[in-house]
Amino acid sequence: MDAVGTDSDGREFKNAEEMWREEVGVADPSKKSNWYTEGVGYWQGVEATVDGVLGGYGQVNEPDIKGSEEFLNSLLAERFLDAGGGGNLVVLDCGSGIGRVTKNLLIRYFNEIDLLEPVSHFLDAARINLAPENLMVTEEHKAVNFYCVPLQEFTPDAQRYDVVWVQWCIGHLSDEDFISFFKRAKSGLKPGGFFVLKENVARQGFVLDKQDKSVTRSDLYFRQLFNQCGLHICKMKDQKGFPNGLFAVKMYALAPELPKKVYKSKSKRQVNRPGIIK
Ligand code: SAH
């Protein structure tokens, strides 16, 4: 990403490479591990509530879920139900926090939900929030696995998921780990499966948050990374109804690249057909 970026103190970086070199280093495992320890450390000090995981903007929960539900509905209709799919739908909620997205949305659409969250007191809260007696769904809808690991260390079981939902956590990953996470996670998708990435977007370049060690990337920055992951955007939507002063939020549905079109050599018929002279 060539565009300039800033950090939360207003400092300017020439480009993302300069920022990442300073923050995670180049082939420097201890520097990189500090970045992740500080990121998780920030969240370890946050209370396990909706307000906590939403950075003090609990009022965003409702429009967020509404926007996500519309987006998910259109995708499920196009990609699974119309295609005769459906059946036992399985989703992975990445950086799930206290299970807010699962509890308010995913549990109603999916039969099995796995949650991945590196902060143990959030995951403990998620276990309680998603206990069957605290849910308003039938027993065909349940949270199954609770993984206390960060995204950069996670490899899913092969072809387990219809959808991998990644909301408000990918900013914690360096570009390198972003790309290797999505590459690994592709093998966790069932045929026809897809990712939903819902994230804050910077107007240009990137913004480094020095407090929680995360980076808000621009739409262009994301697109360059998707390319490197071998993912294409099947659908994209802007989140509406958030208070002014917050970052814009986009929802991307991403799927592994379609196989490259194979152009067959000309058939005999084509070869013999007289050409049209214009
Ligand atoms: N997606 C949830 C939580 C958002 S808060 C929601 O929308 O409600 C951001 C979450 O990212 C926190 O739960 C935090 O612990 C998690 N997180 C931080 N670093 C992470 C990492 N490296 N991998 C996965 N999740 C991470």
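Just above sits the structure.
Parameters at a glance
Residues numbered from 1 in each chain as written. Predicted model: local features only at pLDDT ≥ 70, side-chain atom pairs only at ≥ 80, totals over all residues. Heavy atoms only, no water. Near = heavy atom within 4 Å. Polar contact = N/O pair within 3.5 Å; in protein donor to acceptor, adjacent residues only side chain to side chain. Areas by Shrake-Rupley, 256 points an atom, 1.4 Å probe, with all protein chains shown as cover. Nonpolar A, V, L, I, M, F, W, Y, C, P; charged D, E, K, R; others polar. Pairing = 2+ DSSP bridges. Helix = DSSP H or I, 4+ residues; strand = E, 2+ residues; numbered from the N terminus. Right-handed = clockwise from strand over helix to strand, strands pointing away. Phe/Tyr/Trp six-rings, centres within 6.5 Å; stacked < 30°, edge-to-face > 60°. Buried < 20%, exposed > 50% of the residue type's maximum accessible area, 1.4 Å probe, protein only. Lys NZ or Arg CZ within 6 Å of the ring centre and 35° of its normal.

**Description of the site of the ligand**
Logical step 1: Lining the immediate environment of the ligand, one finds 19 residues, of which Gly-95, Arg-100, Glu-117, Leu-151 and Gln-167 sit closest.
Logical step 2: With respect to the ligand, the side chain of Arg-100 contributes an N or O atom lying 2.7 Å from an oxygen atom.
Logical step 3: Leu-151 is positioned such that a nitrogen or oxygen atom in its backbone is 3.0 Å from a nitrogen atom of the ligand.
Logical step 4: Burial of the ligand by the protein amounts to 99% of the accessible area it has alone, namely 570 Å².
Logical step 5: Here the residues of the shell around the ligand are counted per class, giving 11 nonpolar, six polar and two charged.

**A closer look at the sheet that holds strand β2 (residues 12-13)**
Each strand in a sheet pairs with its neighbour through backbone hydrogen bonds, running either in the same direction (parallel) or in the opposite one (antiparallel).
Logical step 1: The four strands are arranged β2-β1-β8-β9 in an open sheet whose pairing can be described as mixed. Each edge of the sheet is formed by a strand with only one pairing partner; in this case those strands are β2 and β9 (214-217).
Logical step 2: By the bridge criterion, two bridges tie strand β1 (residues 5-7) to strand β8 (residues 206-209) in an arrangement that is parallel. In the strand pairing of β8, Thr-6 is matched with Val-207.

**So, the pairing of strand β7 (residues 189-201)**
Logical step 1: In terms of strand pairing, strand β6 (residues 161-167) meets β7 through six bridges, oriented parallel. Along β7, the bridge assignment pairs Val-163 with Phe-194.
Logical step 2: Each parallel crossover has a hand, and for β6 linked through helix α7 (residues 175-186) to β7 it is right-handed.
Logical step 3: Of the strand pairs in this sheet, β7 and strand β11 (residues 248-256) are connected by seven bridges, and their pairing is antiparallel. Counted as the bridge partner of Asn-200 is Val-249 from β11.

**As for the packing of aromatic side chains**
Logical step 1: Inspection of the entire model under this criterion finds 15 aromatic pairs.
Logical step 2: Geometrically, the ring pair formed by Phe-226 and Tyr-252 is edge-to-face, given 5.1 Å between the ring centres and 75 degrees between the ring planes. Pair noted here: Phe-226 is in helix α8 (residues 219-229) and Tyr-252 is in strand β11, with a separation of 26 residues, a long-range link.
Logical step 3: A relative accessible area of 2% means that Phe-226 is categorised as buried.
Logical step 4: In this arrangement the basic side chain of Arg-217 is found over the ring face of Tyr-221, its NZ or CZ atom lying 5.3 Å from the centre.

**A word on helix α5 (residues 100-109)**
Logical step 1: Along α5, seven of the 10 residues are buried, which leaves the element largely enclosed by surrounding structure.
Logical step 2: Those residues of α5 lying buried are Arg-100, Val-101, Thr-102, Leu-105, Leu-106, Ile-107 and Tyr-109.

The values reported here are purely geometric and, on their own, carry no functional implication.
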